[in-house]
Amino acid sequence: EQTTEGASLGSAVHEVLSKLVVDGELPDVRGAALKWSADVEEVGRLSRFGAQAWREIQHAFPNPLTEQELVAGELMGHVDVLALRLSEGMANVADWKSGYKQADHYAQLMGYATLVCENFPDVQTVFLTVVWLRDRELETFRATRDAVAEWNRELVEKVLQWDGRSYAAGAHCQFCPRFATCPARQALVRSAIQEYQNKM
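As the structure is a prediction and not an experimental result, all values here were calculated from the model.

Novice: I keep staring at the overall build of the protein chain and nothing clicks. Help me out?
Specialist: Each helix and strand in the protein chain was counted, giving 6 helices and 5 strands. Taken from N to C terminus, the helices and strands of the protein chain fall in the order α-α-α-β-β-β-α-β-β-α-α. By residue count, 38% of the 200 residues in the protein chain fall in the buried class. Restricting the contact set of the protein chain to residue pairs at least 6 apart, pairs at least 24 apart contribute 57%. Accessible surface, the protein chain as shown: approximately 12300 Å² in total, 51% of it carbon and sulfur.

So, in structure tokens, the structure goes:
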């Protein structure tokens, strides 16, 4: 649970960009900044790039829906922007990111793809665009229904059916409260040290 300055900024920017998508023009950001106790200039700067990015991608979002809450089994999420193109078997998702660019958002995107596929059976392919507002970059990923099914199998196996004892080290470790004491991470570190010493 984050009640940080960054979370307040993100909430304000999301509110502004949601209105942009619905109304077709960027609203005055001061109201949202005041509501969320966020810096007006920062909200304005990030929102302006959001407006620029939206102009680039809006052709892929006919009749866009904003802030859609979707639920599928154990998963629940709020999709920032969703457009369904059911006659083509496709859907488009846009995700506004107000923080600095990170490489650990794949699971979130596949979670969104899962929610879309589960709620809309005609969708065979989901295109997910991440808009990094601070870095002024866009990334688009393509998730097929088969890829979503495979990701879900791994989710069930590794998370929902986890035995509570076995651990797998990886990039996700940086968020774990057991980072310093995790047996899997310690084994990985020992292995790396041993390999380095063998090369000396």
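Novice: In this structure, what is going on with the packing of aromatic side chains? I would like to understand it.
Specialist: Scanning all chains against the criterion turns up 1 aromatic pair. A centroid spacing of 5.4 Å and a plane angle of 50 degrees characterise the contact between Trp-54 and Phe-61, whose relative ring orientation is tilted. Each member of the pair, Trp-54 together with Phe-61, is buried. Note that Arg-134 overlies the ring of Tyr-100, its terminal NZ or CZ placed 4.9 Å from the centroid.

Calculation rules
Residues numbered from 1 in each chain as written. Predicted model: local features only at pLDDT ≥ 70, side-chain atom pairs only at ≥ 80, totals over all residues. Heavy atoms only, no water. Helix = DSSP H or I, 4+ residues; strand = E, 2+ residues; numbered from the N terminus. Buried < 20%, exposed > 50% of the residue type's maximum accessible area, 1.4 Å probe, protein only. Contact = heavy atoms within 4.5 Å. Areas by Shrake-Rupley, 256 points an atom, 1.4 Å probe, with all protein chains shown as cover. Phe/Tyr/Trp six-rings, centres within 6.5 Å; stacked < 30°, edge-to-face > 60°. Lys NZ or Arg CZ within 6 Å of the ring centre and 35° of its normal.

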